[in-house]
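What follows is each chain in one-letter form.
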Amino acid sequence: MYILAINGSHRKNGNTKILLEEVLASCKKAGAETEVVQLADTKIEYCAAHESDFCKNKGCVYKDGADEILDKMLKAKAIIVGSPVYMGTVSGRLKTFMDRTVILRRKGFALKNKVGAAVAVGGYQGGGQEYTIRDIHNFFLIHSMTVVSDGIDTAHFGVAGVGGGIGDVKDDKHSLNVSRNLGNRIVEELKLRGEK
Ligand SMILES: Cc1cc2nc3c(=O)[nH]c(=O)nc-3n(C[C@H](O)[C@H](O)[C@H](O)COP(=O)(O)O)c2cc1C
C-alpha cells in the first residue's frame, strides 16, 4: 500500500509539509509505505497545451521534474495533495504541476479510482483553506479519482490548517488531529478495497 503526498509549497519544510507528515504518520502506523514529494525540489514547465491526440500519440514534449512524480502517482494507491493558500487558492507551483498531469487523463484516465485527499494551510482562519481544498478536490474529480474527507468524528472536507510563519501550524491542534483522522480514513478506504 504505497501512499504518496505532494507538497505544493515553495517552503519545503513549512506548514503544509508538517500537516502532510501528520497524515502520513497515520498511514504508516497502519502499515503503508509513504513518501512526500516536494514540488519545490523540481523544475516543472507549463503545459504546452497540445491537442489531446498529440499527447496520446507522441507523449509530453517536456522531460523534466514532472515525469518522476507522475510515475509515483501511477504507483500510488492514494494521493494526498497539500497546498499553502495563495491568494485564496492553490500555489502557482502546484497548479503548474496539476496542468501537466493532463497527460495521464489523456492516456486512458490512468489515475481513475485512486483515492485522493486534500490538505490546505493558510496564514489566517477563513483565508481560503476550504476553497483551496475544493480546488484540489476538483483536480481529483477531473481525473475520475475517489475523493475522501477526514473520517468520523471530524469528517468535513480535509485539513484546513492555520499558520503563517514556518512551523506555526504546530499550534493548530485541531488541524493536527484532523490530519491524523484523514490518514486513518484513507487507509480505511483502501482496506475496504482489499488493499494490504
Ligand atoms: C503569495 C502568497 C499568498 C498568500 N495568500 C494567502 C491567502 O490568500 N490566505 C491565507 O490565509 N494565507 C495566505 N498566505 C499565507 C500562507 O498560506 C501561509 O504562510 C502558509 O502557512 C504557507 O504554507 P507553507 O509554510 O507550507 O508554505 C499567502 C502567502 C503567500 C506567499
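Provided above is the structure to which this section pertains.
Worth saying up front: this structure is predicted, and the values here are computed from it rather than measured.

Visitor: Describe helix α4 (residues 92-100), with residues and values.
Guide: Considered for burial, the residues of α4 that qualify are Leu94, Thr96, Phe97, Met98 and Arg100. Those residues of α4 hidden inside the fold are in contact with β1 (2-7), α3 (65-75), β3 (78-84), α5 (102-106) and α6 (129-142).

Visitor: So what's going on with the site of the ligand? Which residues, and what values?
Guide: Around the ligand, a shell composed of 17 residues is seen, among which Ser9, Asn15, Thr16, Val85 and Gly163 lie nearest. The protein chains hide 74% of the 640 Å² of surface that the ligand would expose on its own. At the level of secondary structure, the elements contributing two or more residues to the shell around the ligand comprise α1 (15-29) and β4 (115-122). Among the residues making up the shell around the ligand, the classes are represented as six nonpolar, 10 polar and one charged.

Visitor: Go over the pattern of salt bridges, please, and point to the residues and values.
Guide: If you walk through the whole model with that rule in mind, you get 15 salt bridges. With a shortest N-O distance of 3.6 Å, Lys17 and Glu21 are connected by a salt bridge. With a gap of four residues between them, Lys17 and Glu21 both fall in helix α1, about one helical turn apart. For Glu21, a relative accessible area of 34% corresponds to the partly exposed category.

What counts as what
- The numbers attached to residues start from 1 for each chain and follow its sequence in the written order.
- For a predicted model such as this one, the threshold for reporting local features is a pLDDT of at least 70, and the threshold for listing and counting side-chain atom pairs is 80 or more; totals across whole chains, interfaces and linings nevertheless cover every residue.
- Only hydrogens and water are set aside when side-chain values are computed; all heavy atoms of the structure are taken into account.
- Here's how the labels work: a residue is buried when its accessible area is under 20% of the maximum for its type, exposed when over 50%, partly exposed in between, all with a 1.4 Å probe on protein chains only.
- Counting from the N terminus, the helices are DSSP H or I runs at least four residues long and the strands are E runs at least two residues long.
- By definition, residues are in contact when any of their heavy atoms lie within 4.5 Å.
- One heavy atom within 4 Å of a molecule or strand makes the whole residue count as near it.
- Per-residue and other accessible areas were derived by the Shrake-Rupley procedure at a 1.4 Å probe size, with only the shown protein chains allowed to occlude residues.
- By the convention adopted, Pro, Cys, Tyr, Trp, Phe, Met, Ile, Leu, Val and Ala count as nonpolar, Lys, Arg, Asp and Glu as charged, and the other residues, Gly among them, as polar.
- The term salt bridge refers to a pairing of a side-chain nitrogen on Lys or Arg with a carboxyl oxygen on Asp or Glu at a separation within 4 Å.

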